[in-house]
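# Observations on the three-dimensional arrangement
For reference, the chains in residue letters:
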Amino acid sequence: MLKTLDIENIAVIEKATVDFTDGLNVFTGETGAGKSIVVDSINAILGERTSKDLIRHGADYAFVSAFFENISDNAVHKLSDFGIDLEDDNSLLLTRKISQNGKSVCKINGKAATVSMLRELGNILVNIHGQHDSQELLNPLYQYKYIDMLLEDDSIYNAYKESFKNFLSVRRKLKSLTIDEKDKDRQLEILDYQIKELEEADIKIGEREALTNRKNLISKSEALTVALGSSLMLISGDDASSGAQDILSAIINNLSQFDEANQIESLFVNISEKLETAKDSIEKFISEIDFSPLELEEIEERLDLLYRLSNKYGSTEQEMLDYLDKAKEKKNNIVYSDKELERLNEQYDILYNETVSLAQELSKKRRLTADRFEAQVKRELEFLDMPKLKFVVDFKKGNLSSTGFDKIEFFISTNPGEPPKPLSKIASGGELSRIMLAIKNLIAYNDTVGTLIFDEIDTGVSGRASQKIGLKLKSVSKNTQVICVTHSAQIASNAHEHFLIKKEFSSNNTFTSVIPLDFEGRKRELARIMGGLEITDTLLKSAEEMLLTDTEI
């Protein structure tokens, strides 16, 4: 349920905190005070489309946050889908900041989120019903849900869903195998070519990397051999020129004639010995280098083949080998498709008959439930001063789908003698609100939405009907938190928590505040609603009697 709503810089509300109770919460106030702003704020935090026009004049941004307690399992699963951690106490905090540039910054439990994520979560947490909304009640695609919520046993529905899922799986396999002979031959020809090309390539895992490394080594070896040969020539010399060894020998011979140069001679003798050692190392290194231009050519051809194959079948050796396995599997499926088709056709017939049988059984249970539902809705509407409205659950047979073959739509007739017509086409705002209230009262125990909001449900409704709507809202709030914006004293008198939306003026600015009322405050507000400009003692007494009368249904 919604525990706390914080509003900042939204329309004429500069700052307000609203702490809700788990029963019936009511907002009242003079016309134009800003009661709808609370609902607009809730809409914003639930991911509905909004704009910078919502931002209070002169402010840089608007901010709203909503704190929920004891969220439903459906909401918990949705958080898990989003990868957002759940608090230990099953609480949830949603925040949204709207800037002047129209951009929103949204968070769920402190983690960055998108507006669409807020919307998905909001549909699970709160159901807002106003005069101009488009709730599931108006959509024939979703009206079956209300019947299914009241099924005494949902095992048949679960069995149908499982059977339909298996049926779809077999149908998809059949579709993939059902190809004509010409197409079969074409596919086999392509697969044979691909299999042959990949098998002849004899691809090995890691081969391309190994060949590339060998190619690099050979390329370096060729240049290295040239460098080493040149170095050897500079050491040993050739017919045309003396090498470093010849030069050192000449230096040593020159110095050996003088005893005074023994130390210098020793240095050059040492250099000559090291040079001989270096020469031996170079000769050994050259003898060990093993490469040939032919090998390099073969490596380049192989790498080129692997590159061309990778463009067709996968970037890595593993992907190419996987492609080969799948091609063989596809070929076998086509070659042996006749036997597989026969097996799948038998399975298809069995599952189709099973699914149709379960759909028929589900339809029977829905029709029985719909009969009870119609009677219960009629009783609820009679209580809500709509005795002449006829409510009908219309069944038509459609194609098998994940929900059965029933096409369920709610029809109503508002006047005796008129044939029932689709609810979405003829219900007025006041009628729709009361029909929703009647249905919500019936399914309150089964509905997973924790908060139900009615925006001006009393529009176009008389005082007697308003009193009954108030009692019905109070009844619904025993199982589902209810928030209601109303102009009706009769509805407001049934509230467990009553908030006054009050507009004030200061320094050429308009401010709207949200004030929780105590008993005396509620009494004066009910008297104001009933009496208008002047609050008399008689009105105050009547308001007190309304508050003290504890009526239940």
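Reference entry: report on the structure contained in this document.

Reading the values: rules and limits
- Residues numbered from 1 in each chain as written.
- Predicted model: local features only at pLDDT ≥ 70, side-chain atom pairs only at ≥ 80, totals over all residues.
- Heavy atoms only, no water.
- Helix = DSSP H or I, 4+ residues; strand = E, 2+ residues; numbered from the N terminus.
- Rg over C-alpha atoms; globule rule 2.2 N^0.38 Å.
- Buried < 20%, exposed > 50% of the residue type's maximum accessible area, 1.4 Å probe, protein only.
- Patch = residues over 30% accessible without salt bridge, like charges linked within 9 Å, V, L, I, M, F, W, Y side chains within 5 Å.
- Areas by Shrake-Rupley, 256 points an atom, 1.4 Å probe, with all protein chains shown as cover.
- Salt bridge = Lys/Arg side-chain N within 4 Å of Asp/Glu carboxyl O.
- Lys, Arg positive; Asp, Glu negative; His and termini not counted.
- Charge placed at Lys NZ, Arg CZ, Asp CG, Glu CD.
- Axes fitted to C-alpha atoms, helices over the stretch in contact; angles between N-to-C directions.
- Left-handed = near helix turned anticlockwise from the far one by under 90°.
- Contact = heavy atoms within 4.5 Å.
- Nonpolar A, V, L, I, M, F, W, Y, C, P; charged D, E, K, R; others polar.
- Core = buried A, V, L, I, M, F, W, Y, C linked by side-chain atoms within 4.5 Å.
- Pairing = 2+ DSSP bridges.
- Arc of directions from axis to C-beta.
- Phe/Tyr/Trp six-rings, centres within 6.5 Å; stacked < 30°, edge-to-face > 60°.
- Lys NZ or Arg CZ within 6 Å of the ring centre and 35° of its normal.
- Parallel < 35°, antiparallel > 145°, perpendicular 65-115°, else oblique.

Moving on, we get to the overall build of the chain. A tally of regular secondary structure across the chain gives 18 helices and 15 strands. Its C-alpha atoms give the chain a radius of gyration of 42 Å, more than 25% over the compact-globule value 24 Å for 553 residues. Considering only C-alpha atoms, the chain reaches an extent of 145 × 75 × 35 Å along its principal axes. For the chain, with 553 residues in total, the buried portion stands at 42%.

What follows concerns a negative patch on the surface. Side chains of Asp 85, Glu 87, Asp 88 and Asp 89 sit close together on the surface and give a patch of like negative charge. The residue Glu 87 is located in the loop between helix H2 (73-82) and strand E5 (92-99) in this model.

The N-to-C vectors of helix H7 (residues 207-236) and helix H9 (residues 262-288) enclose an angle of 150°; their axes lie 10 Å apart at closest approach. Read as a crossing pair, H7 and H9 show a hand that is left-handed. Counting all contacts with H7, which are made through Leu 224, Leu 228, Gly 229, Ser 231, Leu 232, Ile 235 and Ser 236, the residues of H9 involved are Leu 275, Lys 279, Ile 282, Glu 283, Phe 285 and Ile 286. A breakdown of the residues in the contact of H7 with H9 according to their chemical character gives eight nonpolar, three polar and two charged.

This next bit is on the nonpolar core. Counting residues in hydrophobic clusters, the biggest one holds 65 residues, and the most contacted among them are Phe 373, Phe 391, Phe 410, Ile 439 and Leu 473. Examining the composition of this core, we find that ten residues originate from one element, helix H12 (residues 337-383), more than from any other. Ranked by size, the runner-up nonpolar core spans 47 residues in total, among them Ala 16, Val 39, Ile 71 and Ile 84.

With respect to topology, six strands assemble into an open sheet ordered E2-E1-E4-E5-E6-E7, the strand pairing being antiparallel. Looking along the sheet, the strands with just one partner apiece sit at the ends: strand E2 (13-19) and strand E7 (111-113). Averaged over all pairs of adjacent strands, the angle between their axes in this sheet comes to 15°, without regard to strand direction. Where strand E6 (residues 104-108) and E7 come together, three bridges link them in antiparallel fashion. What sits directly across from Cys 106, in E7, is Ala 113.

In this section: the environment of Ile 350. Note that Ile 350 resides in helix H12. Residue classification places Ile 350 among the exposed residues on the basis of a relative accessible area of 57%. Along the primary structure Ile 350 and Phe 167 are separated by 183 residues, whereas in three dimensions their C-alpha atoms are 9.0 Å apart.

Below, the discussion takes up the sheet that holds strand E11 (residues 421-422). Here three strands make up an open sheet; going across it, the order is E9-E10-E11 and the pairing antiparallel. At either end of the open sheet lies a strand with only one pairing partner, and these are strand E9 (390-401) and E11. By the bridge criterion, two bridges tie strand E10 (residues 404-413) to E11 in an arrangement that is antiparallel. Of the residues in E11, the one forming a bridge with Phe 411 is Pro 422.

Among the residues making up helix H3 (residues 115-125), those that are buried are Met 117, Leu 118, Leu 121, Gly 122, Ile 124 and Leu 125. Buried positions in H3, seen along its axis, are confined to an arc of 155° and lie on one side of it.

Since one α-helical turn is 3.6 residues long, residues separated by three or four positions face the same way. Of the residues making up H2, those classed as buried are Ala 75, Lys 78, Leu 79 and Phe 82. Mapping the buried residues of H2 onto a view down its axis gives an arc of 100°, with all of them on the same face. Away from the buried face of H2 by more than 90 degrees, exposed residues Asp 73, Ser 80 and Asp 81 are located. The inward-facing, buried residues of H2 abut E5, E6 and H3. In the stretch just after H2, Gly 83 is the one whose phi turns positive, near 75°.

This part covers the packing of aromatic side chains. Within a pair of aromatic rings, the relevant descriptors are the distance that separates the centres and the angle that separates the planes. Evaluation of the coordinates by the stated rule reveals 13 aromatic pairs. Both rings, one in Tyr 146 and one in Phe 410, keep their centres 6.0 Å apart while their planes meet at 50°; by these two values the pair is tilted. Here Tyr 146 is found in helix H4 (residues 144-149), whereas its partner Phe 410 is found in strand E10, with 264 residues between them in sequence. With relative accessibility at 4%, the residue Tyr 146 sits in the buried group. With centroids separated by 5.1 Å and ring planes inclined at 40°, the aromatic side chains of Phe 167 and Tyr 348 adopt a geometry described as tilted. With Phe 167 in helix H5 (residues 155-177) and Tyr 348 in helix H12, the pair connects residues that are 181 residues apart, well separated along the chain. Ring pairing ties together the aromatic residues Tyr 160, Phe 164, Phe 167, Tyr 348 and Tyr 352, which thus form one cluster. A cation over an aromatic ring shows up here: Lys 397 above the ring of Phe 405, its NZ or CZ 4.8 Å from the ring centre. If you follow Lys 468 out to its NZ or CZ, it ends over the ring of Phe 383, 5.2 Å from the centre.

Two elements in contact, helix H8 (residues 244-256) and H9, have axes whose closest approach is 9 Å; the angle formed by their N-to-C orientations is 160°. Comparing the axis directions of H8 and H9 gives the class roughly antiparallel. Note that H8 runs across H9; the crossing there is left-handed. Of the residues in H9, those touching H8 at Ala 244, Gln 245, Leu 248, Ile 251, Ile 252, Leu 255 and Ser 256 are Ile 264, Glu 265, Phe 268, Val 269, Ile 271, Ser 272, Leu 275, Glu 276 and Lys 279. Considered class by class, the residues forming the contact of H8 with H9 number ten nonpolar, three polar and three charged.

Read these as spatial facts, not as claims about activity.
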